[in-house]
Amino acid sequence: MVPTRRFGRTGLPMPVLSLGGMRYQQSWQDLAADQLSEGSQRKLTATLARAQQAGLHHVETARHYGSSELQLGKAFRALGGSRERILQTKVPPRADPAVFEAELERSFSLLGCQRLDLLSVHGINLAEHLEQTLRAGGCLAVLRRWQEEGRIGHVGFSTHAPTPLIVAAIESNAFDYLNLHWYFIRQDNDLALDAARRHDMGVFLISPTDKGGHLHSPSARLLELTAPLHPIVFNDLFCLADPRVHTISVGAACPSDLDLHLEAVARLEQADTLIQPVLQRLRQAQEERLGRPWLESWQQGLPAWQDTPGQLNLPVLLWLHNLLEAWDLESFVEARYGLLGNGSHWFPGANANGLGASVGEDRLRQALVASPWREEVIAILHRLKDRFGERCSRRLSSD
């Protein structure tokens, strides 16, 4: 059985693996009950049953994960109720708290529940989202009323925000737990994890398999560097070996998607011994491909995306370059490159497609005056545009 950890001040016994609800839904659009296919529902129910059998008794979803809430509600009824199940959904903040409450009601109706253990404000990504939540009479006031009525247990938030905003939300002391990104390839939220620990908040890591580098379809180089561990097993162990982390999301689309995560949990007691040689190889490969001088200073002097010509998100673009060069994470880099400029506040800033057109090199050089790698940065942006720009444009035009 999957072990549990105390989920911060909620006191809940949280399994170290949580069943995420983004990948097994039939549609990214809301559906009527009679539109659900038997095959899709059967697969979801089988996945949920396998997860429960293994001890993954925390299930999380969101109001805007398409048909996920509807399908989960139907599957829960088919499998029977479970007093041990910890259920979480997420509702985005709204300027009008009445709209927020209506979406909250919709989630409860689709899930078929009278009470939720965990409710997250979904996507506190901008300062205005935090303000909409915390201001007098805002979204948090709605949630506090629902708590008083016994309909919600604990309130948290999920986020793609910059670390300082995440820390500000934590320091408000308004939330009991948070969902955020942190895994081997992305550790920039360390300060947020530290702040969460100071406030005794539960910590849930979002999508470590997909957002952790498309580990479900790893590059040959990554497979070689993490051997004898599969990259999913390595990354799970890396995350769960950190005492600040309580649970990680498993985005299972079918029962077999749980297998490698359960393998990781079975080896959790040996985590430090298993991951150290892999870490050494990964870092050595990174240094061989990119060079120590670059690794030690590539972030120096980079302007924020808001202050860059064309709003190019240079920190993310250069991070993607590093992942591509060091470990051949091509599918992940291509996907993230395409999202920049096309994902609103979830993936802010632009990719390099405007370079040479709307964004002139001379303007970019002026913005990079404090960077020791000014010319190299411009060359990297051109290479990213040449490699992914046309693919990105073609894919987006067909959506």
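Quick notes on the rules
Residues numbered from 1 in each chain as written. Predicted model: local features only at pLDDT ≥ 70, side-chain atom pairs only at ≥ 80, totals over all residues. Heavy atoms only, no water. Phe/Tyr/Trp six-rings, centres within 6.5 Å; stacked < 30°, edge-to-face > 60°. Helix = DSSP H or I, 4+ residues; strand = E, 2+ residues; numbered from the N terminus. Buried < 20%, exposed > 50% of the residue type's maximum accessible area, 1.4 Å probe, protein only. Core = buried A, V, L, I, M, F, W, Y, C linked by side-chain atoms within 4.5 Å. Contact = heavy atoms within 4.5 Å. Pairing = 2+ DSSP bridges. Polar contact = N/O pair within 3.5 Å; in protein donor to acceptor, adjacent residues only side chain to side chain. pLDDT = per-residue confidence, 0-100. Right-handed = clockwise from strand over helix to strand, strands pointing away. 1 Å grid on protein atoms, 1.4 Å probe; cavity = no way out; pocket = protein on both sides within 12 Å on 5 of 7 lines; lining within 4 Å. Points joined across faces, edges and corners; volume = space filled by probe spheres on them. Nonpolar A, V, L, I, M, F, W, Y, C, P; charged D, E, K, R; others polar. Salt bridge = Lys/Arg side-chain N within 4 Å of Asp/Glu carboxyl O. Axes fitted to C-alpha atoms, helices over the stretch in contact; angles between N-to-C directions.

Asks: Could you clarify how one ought to interpret the packing of aromatic side chains in this entry?
Replies: Two aromatic rings, taken as a pair, are described by how far apart their centres are and by the angle between their planes. On inspection of all chains with the given rule, the structure shows 12 aromatic pairs. An angle of 45° between the planes, with centres 5.5 Å apart, marks the rings of phenylalanine 184 and tryptophan 327 as tilted. Placement of the pair is phenylalanine 184 in the loop between strand 8 (177–180) and helix 7 (190–198) and tryptophan 327 in helix 13 (residues 314–327), with a sequence separation of 143 residues. Per residue, the accessibility class of phenylalanine 184 equals that of tryptophan 327, and both read buried. For the pair tyrosine 337 and phenylalanine 388, a centre-to-centre distance of 5.9 Å together with 40° between the ring planes defines the contact as tilted.

Asks: I'm lost on the nonpolar core in this one. Help?
Replies: Inside soluble globular proteins, nonpolar side chains tend to come together where they are buried. Counting residues in hydrophobic clusters, the biggest one holds 109 residues, and the most contacted among them are Phe157, Phe175 and Trp327. For this core, the element with the most residues is helix 13, which contributes nine residues. Among all residues touching tryptophan 327, those that are not within four sequence positions of it are Phe184, Ile185, Ser219, Arg221, Leu222, Leu225, Leu282, Ala285, Gln286 and Asn322. Leu12, Ile86, Tyr177 and Ile206 belong to the second-largest nonpolar core, a separate cluster that totals eight residues.

Asks: What should I look at first to understand the pairing of strand 5 (residues 86–91) in this one?
Replies: One face of the sheet, then the other: side chains in a regular strand alternate in exactly this way. With six of its six residues buried, strand 5 lies for the most part within the structure. The alternating pattern of strand 5 places Ile86, Gln88 and Lys90 and Leu87, Thr89 and Val91 on opposite faces, both of which are buried. Across three bridges, the pairing between strand 4 (residues 58–60) and strand 5 is parallel. By the bridge assignment for strand 5, glutamate 60 is matched with glutamine 88. Direction of pairing for strand 5 relative to strand 6 (residues 116–122): parallel, over a ladder of four bridges. Within the sheet, the bridge partner assigned to threonine 89 lies in strand 6 and is leucine 119.

Asks: Sorry, what's going on with the side chain of histidine 58 here?
Replies: Looking at the element boundaries, histidine 58 is found in strand 4. Separated by 2.6 Å, the side chains of histidine 58 and serine 18 make a polar contact. Leave out the neighbours within four places in its chain, and histidine 58 touches Met14, Pro15, Ser18, Leu19, Ile86, Gln88, Leu118 and Phe204.

Asks: What exactly am I supposed to notice about the confidence of the model for the chain here?
Replies: Parts of the model with low pLDDT should not have their predicted coordinates read in detail. Per-residue confidence for the chain gives a mean pLDDT of 93; residues scoring 70 or more make up 97%. This model gives residues 393–399 a pLDDT under 50, and the stretch forms six contacts once residues within four places in sequence are excluded.

Asks: Whenever I open this one, the environment of histidine 321 confuses me. Can you help?
Replies: Secondary-structure assignment places histidine 321 in helix 13. Residues histidine 321 and alanine 51, 270 residues apart in the sequence, show an inter-C-alpha distance of 36 Å. Beyond its immediate chain neighbours, meaning those up to four positions away, histidine 321 contacts Leu290, Trp294, Ile380, Arg383 and Leu384.

Asks: Quick question: what am I supposed to make of the pairing of strand 8 here?
Replies: What you see with strand 8 is no split at all: Tyr177 and Asn179 on one side and Leu178 and Leu180 on the other are buried throughout. Bridging between strand 7 (residues 152–158) and strand 8 involves three bridges; their strand directions are parallel. Residue pairing across strands places glycine 156 opposite tyrosine 177, the latter belonging to strand 8. A crossover links strand 7 with its parallel partner strand 8, the connecting element being helix 6 (residues 163–171), and its sense is right-handed. Note that strand 8 and strand 9 (residues 202–205) share four bridges and pair parallel. Across the sheet, residue tyrosine 177 finds its bridge partner in strand 9, namely glycine 202. Handedness of the crossover joining strand 8 and strand 9 through helix 7 is recorded here as right-handed.

Asks: Please explain empty space enclosed by the protein as it appears in this structure.
Replies: Left-over empty space is what a probe sized like a water molecule reveals as it rolls over the atoms. Applying the stated criterion across every chain, the model contains one cavity of 30 Å³ or more. Size it by volume and the largest cavity reaches roughly 80 Å³. Surrounding the largest cavity, Phe184, Ile185, Gly212, Leu215, Leu222, Thr226, Pro231, Phe234, Asn235, Leu282 and Leu329 form its lining. Of the residues forming the lining of the largest cavity, the biggest block, three residues, is contributed by helix 9 (residues 231–240). Of the residues assigned to the lining of the largest cavity, the class counts are eight nonpolar, three polar and no charged.

Asks: Please explain the pattern of salt bridges as it appears in this structure.
Replies: Should the charged atoms of two oppositely charged side chains come close, the side chains can pair. Tallying each qualifying case throughout the model produces 24 salt bridges. Close ionic contact of glutamate 131 with arginine 135 constitutes a salt bridge, the shortest N to O distance being 3.0 Å. A relative accessible area of 31% places arginine 135 in the partly exposed class.

Asks: Just to check I follow, could you spell out the sheet that holds strand 5 for this structure?
Replies: The strands making up a sheet associate through hydrogen bonds between their backbones, and the pairing can be parallel or antiparallel. The eight strands are arranged 3-4-5-6-7-8-9-10 in a closed barrel whose pairing can be described as parallel. The mean inter-strand angle of the sheet, taken between neighbouring strand axes irrespective of direction, is 30°.

Asks: Hey, could you run me through the side chain of glutamine 88 in this one?
Replies: Examined against the element boundaries, glutamine 88 turns out to sit in strand 5. The buried category is assigned to glutamine 88, whose relative accessible area is 0%. Looking at glutamine 88, its side chain comes within polar contact range of the side chain of serine 120, at 3.2 Å. Contact partners of glutamine 88, with chain neighbours within four places excluded, come to His58, Val59, Glu60, Thr61, Leu118, Ser120, Tyr177 and Asn179.

Asks: Can you walk me through unusual backbone geometry in this structure?
Replies: Trans is the prevailing form of peptide bonds, just as negative phi is the prevailing case for residues other than glycine. Omega for the peptide link from alanine 227 to proline 228 comes to 10°, which places this bond in the cis form. Structurally, proline 228 can be placed in the loop between helix 8 (220–226) and helix 9. For asparagine 173, which is not glycine, the phi torsion reads 60° and is therefore positive. Considering the arrangement of structural elements, one finds asparagine 173 in the loop between helix 6 and strand 8.

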